[in-house]
Amino acid sequence: MKISELNLKKFLELSRKKEISPLDLVENYLKKIAEDQEKHPDRKINAIIYHDLENARKQFKALNASKAESYLKGAPIIVKNNFNVKNFPTECASKILKNYVSPYDGTVVKKIIDNGGIIWGYSNMDEFAMGSSNETSCRGVVRNPIHRDYIPGGSSGGSAASVKANHSLVALGSDTGGSIRQPAACCGIVGLKPTYGRVSRFGLVAFASSFDQIGPLTKTVEDSAILLKVIAGYDPKDNTSLNVKVDDYPALLNQSLKGIKIALPKEFFTSEVDPEVLAKVKAVANFYRENGAVVEEVSLPHTKFSIATYYVLSTAEASSNLARFDGVRYGFRNDEVSHFKEIYLKTRNQGFGKEVKRRMLIGSYVLSSGYFDAYYLKAQKVRSIIKREYYEVFKNYQAILTPTTPYKIFKIGEKLKDPVAMYLSDLFTVSANVSGIPGLSLPCGIDSNGLPISFQLLAPPFQEATILNLAHIYEVNNPISIKNEMEEAL
């Protein structure tokens, strides 16, 4: 196995034996990134937009000076550009935060470092995490490493693409409406969105505060379990963080499937879903049946309103959260003004991209006088109904199985001029954010274009161990060799 192809678990094994240095690994990644840029100057993957090798050296030196045994043992980790990392340019892939340098580490970043991990760079993303294709970044589009004409998914597309391209060991992203699971599905890796409140959001630049959640993007399910064990837990700095026991996720893998009940919501298996996607995900359901699980059809009738509910509420929260970016306190400012009011108008007009402005305008509209009850309040009521439906299903089932996306992966530019079509890419992922439950995406095959098809597992709140176990068992026993097919596609 090449050094760049190591997964987290294998790296930790070698690191504990002192057979590998994290700096060697980071230097190998930087070499691969440079080679990619040289070979494909106009079609580079563009997954990592900032790196700091010197900072990695300092972290490694501090780690070696400590006599304590560390859980992550020097594992080099990439984080999305909306995580605050001290002395890193936290720009959220937006012109309006150009040259803004974070003065502090967010809680998740601090947990990684305290557990012996090394934060060495930032991954590209959709601007302020608003997008499903990683085409809205001021740093340019991210390309799918499997086929560069196709999207890597968004908004954590840089994180997913970096892992798939072997430009990073593991990465962290944020998921507001599917922004971890959807790019994981597009790039054929594992993406986990934990329960809302499971992982601290302190230090994550907010898009929609009641939806955002941090999670890992990894090469294997076990790697995700390892990372979740580190980043999960109560944080008094985040008033939405919940004080719930954190499981030893890696130790809870390989549990028996016998008696596990898995629900198949019929609303996710309709004729509108691409036939290739349906066939692969139904094969996953059969796998679980054959291995002792009970798989039954259920109904979640109000999930069809998830997209509308999500885009009303998330845009409302975005319009409020992004009001702070005004050109006065930090980031980009247009100084070609004749009076103070123009600073706000010109800075925000030039600093924000089209998609961010579109969502802020929608959010301001639904919160405005005369429309608040008709849109925002009604959406909150529908959100409660959707959440209640999921909870009712979970009274009888330990997990829900669905496709991650309803369609095959599309080409770069294909849906950029049709926002509604773009939003529908998240049709099957947003309900987990609306209801606050955990979700995991895992590849289960290859489509006719040589690109991955993935399925999604959902569980009751704080039952991440359940879906990690289900996904791990599928991953290690899957009769289709996903890895080999992926290598052929590459």
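Residues numbered from 1 in each chain as written. Predicted model: local features only at pLDDT ≥ 70, side-chain atom pairs only at ≥ 80, totals over all residues. Heavy atoms only, no water.

A.B. asks: Would you take a moment to explain the nonpolar core for this structure?
C.D. replies: As a rule of thumb, soluble globular proteins bury nonpolar side chains together. One finds Trp120, Phe128, Tyr288, Leu401 and Phe455 to be the most contacted residues of the largest nonpolar core, which totals 141 residues. Apart from the residues within four sequence positions on either side, Leu401 is in contact with Ile262, Ala263, Leu264, Pro265, Phe269, Val281, Val284, Ala285, Tyr288, Phe455, Gln456 and Leu457. (Core = buried A, V, L, I, M, F, W, Y, C linked by side-chain atoms within 4.5 Å. Buried < 20%, exposed > 50% of the residue type's maximum accessible area, 1.4 Å probe, protein only. Contact = heavy atoms within 4.5 Å.)

A.B. asks: Would you mind going over the packing of helix 1 (residues 8-16) against helix 7 (residues 221-231) with me for this structure?
C.D. replies: What describes two packed helices is the angle between their axes and the distance between those same axes. The geometry of helix 1 relative to helix 7 is characterised by a closest axis approach of 8 Å and an angle of 70 degrees between their N-to-C directions. In this view, helix 1 runs roughly perpendicular relative to helix 7, as classed from their interaxial angle. Where helix 1 approaches helix 7, its residues Leu8, Lys9 and Leu12 are matched on the opposing element by Glu222, Asp223, Ile226 and Leu227. Broken down by class, the residue content of the contact of helix 1 with helix 7 amounts to four nonpolar, no polar and three charged. (Axes fitted to C-alpha atoms, helices over the stretch in contact; angles between N-to-C directions. Helix = DSSP H or I, 4+ residues; strand = E, 2+ residues; numbered from the N terminus. Parallel < 35°, antiparallel > 145°, perpendicular 65-115°, else oblique. Nonpolar A, V, L, I, M, F, W, Y, C, P; charged D, E, K, R; others polar.)

A.B. asks: I'm lost on the confidence of the model for the protein chain in this one. Help?
C.D. replies: In low-pLDDT segments, the atomic positions of the prediction should not be examined closely. Summary statistics for the protein chain give a mean pLDDT of 94 and a share of 97% for residues scoring 70 or more. Taken together, the stretch residues 479-490 has pLDDT below 50 and engages in 19 contacts with residues farther than four places along the chain or on a different chain. (pLDDT = per-residue confidence, 0-100.)

A.B. asks: Quick question: what am I supposed to make of the environment of Glu414 here?
C.D. replies: Its location among the elements puts Glu414 in the loop between strand 9 (399-403) and helix 13 (419-423). The class of Glu414 is exposed, set by a relative accessible area of 51%. In terms of polar contacts, Glu414 uses its side chain to reach the backbone amide nitrogen of Lys411, at 3.0 Å. (Polar contact = N/O pair within 3.5 Å; in protein donor to acceptor, adjacent residues only side chain to side chain.)

A.B. asks: How should the pattern of salt bridges be read in this particular structure?
C.D. replies: Oppositely charged side chains can form a pair if their charged atoms are brought close together. This structure, assessed with the given rule, holds 20 salt bridges. Ionic pairing is found between Asp247 and Lys245, a salt bridge with its closest N-O pair at 3.4 Å. Note on Lys245: relative accessible area 62%, which makes it exposed. In this structure, the salt-bridge partner of Glu355 is Arg358, at a minimum N-O distance of 2.3 Å. Of the two residues, Glu355 and Arg358 both sit in helix 11 (residues 354-367), three residues apart, roughly one turn of that helix. Connected via shared salt-bridge partners are Arg16, Glu69 and Lys73. (Salt bridge = Lys/Arg side-chain N within 4 Å of Asp/Glu carboxyl O.)

A.B. asks: So what exactly am I meant to see when it comes to the side chain of Ser319 here?
C.D. replies: Position of Ser319 relative to the elements: it lies in helix 9 (residues 306-321). By relative accessible area, Ser319 is classed as buried at 12%. There is a polar contact of 2.8 Å between the side chain of Ser319 and the backbone oxygen of Ala316. Once residues lying within four places of it in the same chain are set aside, the contact partners of Ser319 are Met360, Gly363, Ser364 and Leu367.

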